[in-house]
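Residues per chain are reported as follows:
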Amino acid sequence: MADAARSTDRLEALDITRKLAAICGTPFARFAGPADEVAGRTARWVAVPGGPHAAAEVLRLAAAHDLTVVPRGAGTKIDWGAAPAQVDIMLDTGRLAGVWHEPRDAAVAEIGAGTPLRAVQATLARTNRRLPVDAPSPGATLGGVLAADESGPLRHRHGSPCAQLVGVRYLDADGELVSVGESGTEALGRATPGSGGGRASGRGPAGDGGGGAGSGPACAADGFGWGADGPAGGAGGDPGRGGGDAILGRGEVPGLDVARLLCGSQGGLGVLVSATMRVHAVPAGRLWVSRPVWTPLEVHDLVRAVLAAGVDPAAVELDLPVPVPLPRRRIPPTHPSVVNRPDHPAVTGRPAAGSLVVLLEGGPADVTERAERLTAVLGAEAIVSHHAPEWWGRYPFAPGDTALRIEVPINDLHAAVYALRDATGGPVPVRGSAGAGTVHAALSGALPPERVASILTAVRSVLIARRGRCVVVAAPAAVRRAVDLWGELPTLPRLRSAKAHLDPHHRLAPGRLPGGL
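What this report covers is the structure whose coordinates are included nearby. All figures in this text were calculated on a predicted structure; none of them were measured in a lab. (Residues numbered from 1 in each chain as written. Predicted model: local features only at pLDDT ≥ 70, side-chain atom pairs only at ≥ 80, totals over all residues. Heavy atoms only, no water.)

## Some remarks on the overall build of the protein
Working step 1: Within the protein, the secondary structure is distributed over 14 helices and 23 strands.
Working step 2: Looking at the protein as a whole, 56% of its 517 residues are labelled buried.
Working step 3: In the protein, once contacts between residues fewer than 6 apart in sequence are set aside, the share between residues at least 24 apart is 75%.
Working step 4: As presented, the protein carries roughly 20200 Å² of accessible surface, and 54% of it is formed by carbon and sulfur atoms. (Helix = DSSP H or I, 4+ residues; strand = E, 2+ residues; numbered from the N terminus. Buried < 20%, exposed > 50% of the residue type's maximum accessible area, 1.4 Å probe, protein only. Contact = heavy atoms within 4.5 Å. Areas by Shrake-Rupley, 256 points an atom, 1.4 Å probe, with all protein chains shown as cover.)

Structure below.
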């Protein structure tokens, strides 16, 4: 009987492979290999559809055979977050890319979700435009960035990638193509803008050869985009299929709440096909003003001074590496920034603990004038450069580390860093957007799971009273299995309702979202 069952399984597997090949083309459907895994969970098949309609057929096939689907973009964050309960079909978005935008004065661009972010920026640069999105993951696709709501330094001025959305097209768990919000091109077969979830049956911008699909199964660590107030605030609704109005928040901004639900969902609520994003002119002038820092409390004071200086920074970034940088020159004890503080490390010559760097963007003359005002605020140690520091827009952690993301009001960021140091017993690499209260930290991958758990408990106990949170972005498998990745998540009931409404059978990336959803 066992041999007969295995034979049946093989026949069914071959049948599904043939069906995937018929949908995607023979070279683009195969059995998965050892490298085709999501946070350590290996897939059974890999499908690489050539367009949104092919991707829809893959989802319909999965539904017919009760198979799970996990979208994958460039795979830059494939090891982030929780492992899915099961990965039957990995929907690879490699062939699904494209950028469609109006002429030079266009305010938006429609972009296939499988398009590498670098390719998007290169295409828009031809008309002196850019997306104000600078996610740190090298090679990431736009879909993967949105799936994680992954932000870089420019979040300080422009908000998260989710904040740049004005419309999306996505596939629901049943393979239905849904269009909400605006489109960047008249070539898009779409529902009426603002229709709040109308279903479109037209072809993509370039037929099945473009349009993009899917988003990388990225950061389950905190469900980026699912902050303390949820994707768009408000309460959840009836978790049944009939409760969509309450869950999706149709009302003030019809349909765009769906986009906010997809941001940070790691492909667990829908498969992104394309996104219409705001486009900005490339700034003519950019200057980076940096200053060494010695303590987290000093960072707190400097950030407050920068934000009060009226220089309109595009980004305010902090780097506290370990080990410390080389010593910098001393400044006179009579300087206003250290007067009456003879023991200050800038006077004694003690090596700086890190640096605070402020990006200024705009017209060349205006940027120069603002940089001069900022250096007067930051003191004699401030340095102006036309180039970003080497660490700019990079994470402080490496593969194999336990990576943490800390979100806290900026006035309490120093308390979070001190709490992390106290819990670990020494300095910890910290880097990120000090001006937005969002930083990442790295714990050694050699730390045992119980030690990581105790560190998380200590840090979260400090943050909870400050309306902050600490989540595990990525970790070795043993740590990932043993610790609470997210901590307290007030939006979990709303997320559970959204999952029940959009993916009631848990076919899309099951287990990747908080609460095992």
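## As for the sheet that holds strand 5 (residues 69-72)
Working step 1: Within the open sheet, the four strands sit side by side as 1-4-6-5. Their pairing is mixed. Strands at the two margins of the open sheet, each flanked by one partner only, are strand 1 (29-31) and strand 5. Adjacent strand axes in the sheet meet at a mean angle of 20° when their direction is disregarded.
Working step 2: Across three bridges, strand 4 (residues 45-47) lies against strand 6 (residues 89-92) in parallel orientation. Across the sheet, valine 46 pairs through a bridge with methionine 90, a residue of strand 6. (Pairing = 2+ DSSP bridges. Axes fitted to C-alpha atoms, helices over the stretch in contact; angles between N-to-C directions.)

## Structural notes on the packing of helix 11 (residues 413-424) against helix 12 (residues 449-464)
Working step 1: The interhelical angle for the contact between helix 11 and helix 12, taken along N-to-C directions, is 150°, at an axis separation of 9 Å. Relative to helix 12, the element helix 11 lies roughly antiparallel. The handedness of the crossing between helix 11 and helix 12 is right-handed. Facing Ala415, Ala416, Ala419, Leu420, Ala423 and Thr424 of helix 11, the residues of helix 12 in contact are Arg451, Ile455, Ala458, Val459, Val462 and Leu463.
Working step 2: Class assignment of the residues belonging to the contact of helix 11 with helix 12 gives a composition of ten nonpolar, one polar and one charged. (Parallel < 35°, antiparallel > 145°, perpendicular 65-115°, else oblique. Left-handed = near helix turned anticlockwise from the far one by under 90°. Nonpolar A, V, L, I, M, F, W, Y, C, P; charged D, E, K, R; others polar.)

## Side note on the pairing of strand 18 (residues 354-362)
Working step 1: For strand 18, a buried count of nine out of nine residues is recorded, marking the element as mostly surrounded by other parts of the structure.
Working step 2: Neither face of strand 18 is exposed, since Gly354, Leu356, Val358, Leu360 and Gly362 on one face and Ser355, Val357, Leu359 and Glu361 on the opposite face are all buried.
Working step 3: Relative to strand 18, strand 17 (residues 315-320) is paired through five bridges, and the arrangement is antiparallel. Considered in strand 18, the bridge of aspartate 319 is made with serine 355.

## Here we look at the pairing of strand 23 (residues 469-474)
Working step 1: Buried residues dominate strand 23, accounting for six of its six residues.
Working step 2: Note that strand 20 (residues 402-407) and strand 23 share five bridges and pair antiparallel. Looking at the pairing, arginine 405 lines up with valine 471 of strand 23.

## Some details on the pattern of salt bridges
Working step 1: With the rule as written, the count across this model stands at 20 salt bridges.
Working step 2: Taking the shortest distance from any N to any O, the salt bridge between arginine 466 and aspartate 412 comes out at 3.7 Å. On the criterion of sequence distance, the pair formed by arginine 466 in the loop between helix 12 and strand 23 and aspartate 412 in the loop between strand 20 and helix 11 is long-range, its members being 54 residues apart.
Working step 3: Take aspartate 412: its relative accessible area is 21%, and that puts it in the partly exposed class.
Working step 4: The partner of lysine 499 in a salt bridge is aspartate 503, and the shortest N-O contact between them spans 2.8 Å. Residue lysine 499 shares its accessibility class with aspartate 503, and that shared class is buried.
Working step 5: Because the salt bridges share partners, they merge into one network encompassing Arg30, Asp36, Arg72 and Asp92. (Salt bridge = Lys/Arg side-chain N within 4 Å of Asp/Glu carboxyl O.)

## Side note on empty space enclosed by the protein
Working step 1: For the structure shown, the criterion picks out six cavities of 30 Å³ or more.
Working step 2: Lining of the largest cavity is provided by 17 residues; of these, Ser151, Glu317, Gly432, Ser433 and His440 occupy positions nearest its centre.
Working step 3: The biggest single contributor to the lining of the largest cavity is strand 21 (residues 430-433), with three residues.
Working step 4: The residue inventory of the lining of the largest cavity, partitioned by class, reads five nonpolar, seven polar and five charged. (1 Å grid on protein atoms, 1.4 Å probe; cavity = no way out; pocket = protein on both sides within 12 Å on 5 of 7 lines; lining within 4 Å. Points joined across faces, edges and corners; volume = space filled by probe spheres on them.)

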